[in-house]
Amino acid sequence: MALHLTRSNALLLLTPKTGSTWIRRKIRELGIPVEEVGDPAMREHDLLADFDRSRYGLVGAFVRDPLEWYRSYWSYRMEKGWRPQYALDEHCESDVFETFVRRAVTTLPGALGNIYSSYVGTPGEEVDFIGRQEELQSDFARFLTLAGEEFDAEVLARGSRVNATTIRPDYPEELKELITLSEWETMGRFGYLADRPDPIALADMQARYPEDANDLRLLSLWTEKIHWAPDDKKREAGRPVPAATRHARVNSNFALYAEHKKQDPQYAGGRYREALRLDPAHPRTLCNYALYVAKHEGDVAQARTLMLRALRGRPNHPYTLGRLAWLTAGPLDDQALAEVLYRQSLIANADQHELRVEFANFLDRQDRAEEALDLLAPAAERQDADRLTLLTHASLLARSGRVAEARTFQGRAAARARAVPEAA
């Protein structure tokens, strides 16, 4: 239910976790005539769409800093229980605050922004008044004044918070960064972003590619997500990952995005260098920057030096070994060493399908087609073989005169291509 101030014909929508219990109590203490309106099934949180705004002289609602809203929401659910009819509860329920936040920012990124919009309206269609829970007393006084209500300011100032939860989970900066990324637009919209650091310079990236702003935000969250499992193992072993390394990973992926998606090598170079400033030994960044140097600066020797620097820190890093193999086979023209590096990379990680195909083509160029077929056959014969493996294997078979077998693998590749849109 929402609150209809009958004397002034003002409507106050009660956004969850923004001070609704305190507001109800103060209205009673102030003696302001009020009636509850809306659907009783919504308890006290009817949405803006449930009302005809033209019927009211003033419509208002409150918001809250998303960083504190998520902590308050989790604490409340830990005390009162989870309610699976709500999406956050259904998909993100956890007794561990960190797990709840991780699920929320990846399963339902920007969920709070949607909640807020359902009370205060979408950008450009906002209600008449938007208050902030952090200034609850003063902003509620402003709402009453705008509505034309007379009230005793001393009564309004008396008392303390109500309905405050007693649970206060630890709140490391890493979790705050995740929520900031998830609720980036919402925090900017309601003035909560100004006080937050931007260690990955997302604002700068979005300003350069405004049409991709949301994709870039999601890319930064995805980068965090894919490292949680290995990072947690390091933390449990007493080797927590520094914040600079986490930020370097995102900068590195931003560099790849700028270089390959936006064809913007100048900006990409700056992002690579920033990533290496944050973590000079990060192997994947060193390797990708090496490829950048070889392609855009034409400095193959420097590229090799960067890759070897990456391997000093991680001698069996499969990605770097594979890219060094490519560099060695091509610009450096050392086929024997390239073969060694290809094999080392596949030993380090046998699931590199594209690299296996690349190595097979390398062998074929050296008139070693049978070896190439032997390399690809186990992967190509698997039921879940990827399309590139199937097509390459078919091509090798055809060139070896095994046309009937080649057609079989071509057919499987075509079927795989048709299945991809269906699976998506």
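Small disclaimer: the values here were computed from a predicted structure and weren't measured. (Residues numbered from 1 in each chain as written. Predicted model: local features only at pLDDT ≥ 70, side-chain atom pairs only at ≥ 80, totals over all residues. Heavy atoms only, no water.)

*Asks:* So what's going on with the overall build of the chain? Residues and values would help.
*Replies:* Helices and strands together make up the secondary structure of the chain, namely 22 helices and five strands. Against the compact-globule benchmark of 22 Å for 424 residues, the chain has a radius of gyration of 29 Å, which places it well outside the compact range. Viewed in the frame of its principal axes, the chain has a C-alpha envelope of about 90 × 45 × 40 Å. Looking at the chain as shown, the accessible area adds up to about 20900 Å², and 50% of this sits on carbon and sulfur atoms. The positive charge centre, built from 57 side chains, and the negative charge centre, built from 64, are 3 Å apart in the chain. (Helix = DSSP H or I, 4+ residues; strand = E, 2+ residues; numbered from the N terminus. Rg over C-alpha atoms; globule rule 2.2 N^0.38 Å. Areas by Shrake-Rupley, 256 points an atom, 1.4 Å probe, with all protein chains shown as cover. Lys, Arg positive; Asp, Glu negative; His and termini not counted. Charge placed at Lys NZ, Arg CZ, Asp CG, Glu CD.)

*Asks:* Tell me what's going on with the packing of helix α18 (residues 335-348) against helix α19 (residues 353-365), and back it up with residues and numbers.
*Replies:* Interaxial distance between α18 and α19 falls to 11 Å at its minimum, and their mutual angle equals 155°. One element, α18, and the other, α19, form an angle in the roughly antiparallel class. As α18 packs across α19, the resulting crossing turns out to be left-handed. Residue-level inspection shows Gln335, Ala338, Glu339, Tyr342, Arg343, Ser345 and Leu346 of α18 in contact with α19, the latter providing Leu355, Arg356, Glu358, Phe359 and Phe362. (Axes fitted to C-alpha atoms, helices over the stretch in contact; angles between N-to-C directions. Parallel < 35°, antiparallel > 145°, perpendicular 65-115°, else oblique. Left-handed = near helix turned anticlockwise from the far one by under 90°. Contact = heavy atoms within 4.5 Å.)

*Asks:* Please provide a residue-by-residue account of the sheet that holds strand β5 (residues 129-132), values included.
*Replies:* Taken in spatial order, the five strands make up an open sheet running β3-β1-β2-β4-β5, and their pairing is mixed. Looking at which strands have only one partner, the edges of the open sheet turn out to be β3 (34-37) and β5. Averaged over all neighbouring strand pairs, the angle between strand axes comes to 25°, with direction disregarded. (Pairing = 2+ DSSP bridges.)

*Asks:* Outline the side chain of Asp264, supporting the account with residue identities and numerical values.
*Replies:* Along the chain, Asp264 falls in the loop between α13 (243-261) and α14 (265-278). The exposure class of Asp264 is buried, given its relative accessible area of 13%. Residue contacts for Asp264: discarding those within four places in its chain leaves Arg208, Tyr209, Ala258 and Glu259. (Buried < 20%, exposed > 50% of the residue type's maximum accessible area, 1.4 Å probe, protein only.)

*Asks:* Just give me the short version of the side chain of Thr285, but keep the residues and values in it.
*Replies:* Here Thr285 is to be found in helix α15 (residues 283-297). The class for Thr285 is buried, based on a relative accessible area of 0%. Within the structure, the side chain of Thr285 is placed 2.8 Å from the side chain of His282, a separation counted as a polar contact. Leave out the neighbours within four places in its chain, and Thr285 touches Ala248, Ser252, Tyr272, Ala275 and Leu276. (Polar contact = N/O pair within 3.5 Å; in protein donor to acceptor, adjacent residues only side chain to side chain.)

*Asks:* Break down the packing of α19 against helix α20 (residues 369-380) for me, with residues and values.
*Replies:* Remark: α19 packs on α20, axes separated minimally by 7 Å, with the N-to-C direction vectors making an angle of 160°. The orientation of α19 with respect to α20, classified from their angle, is roughly antiparallel. Handedness of the crossing formed by α19 with α20: left-handed. Residues Arg356, Val357, Phe359, Ala360, Leu363 and Asp364 of α19 touch α20, and the partners they reach there are Ala369, Glu371, Ala372, Leu375, Leu376 and Ala379. In terms of residue class, the contact of α19 with α20 is made up of nine nonpolar, no polar and three charged. (Nonpolar A, V, L, I, M, F, W, Y, C, P; charged D, E, K, R; others polar.)

*Asks:* I'd love a proper account of the packing of aromatic side chains, names of residues and values included.
*Replies:* Pairs of aromatic rings are described using the distance from one ring centre to the other and the angle between the two planes. Using the criterion set out here, one finds 21 aromatic pairs in the structure. Taking 6.0 Å as the distance between ring centres and 80° as the angle between the ring planes, the aromatic pair formed by Trp22 and Phe140 counts as edge-to-face. Pair noted here: Trp22 is in helix α1 (residues 20-30) and Phe140 is in helix α6 (residues 136-147), with a separation of 118 residues, a long-range link. Judged by relative accessible area, which is 9%, Trp22 ranks as buried. Where Tyr70 meets Phe100, the ring centres are 6.4 Å apart and the plane angle is 50°; that geometry is what we call tilted. With Tyr70 in helix α2 (residues 66-80) and Phe100 in helix α4 (residues 97-107), the pair connects residues that are 30 residues apart, well separated along the chain. Phe100 carries the same exposure label as Tyr70, and that label is buried. Here the aromatic cluster, defined as three or more aromatic residues joined through ring pairs, consists of Trp69, Tyr70, Tyr73, Trp74, Trp82, Phe97, Phe100 and Tyr171. Of note, Lys176 hangs over the ring of Tyr171, and the distance from its end group to the ring centre comes to 5.4 Å. (Phe/Tyr/Trp six-rings, centres within 6.5 Å; stacked < 30°, edge-to-face > 60°. Lys NZ or Arg CZ within 6 Å of the ring centre and 35° of its normal.)

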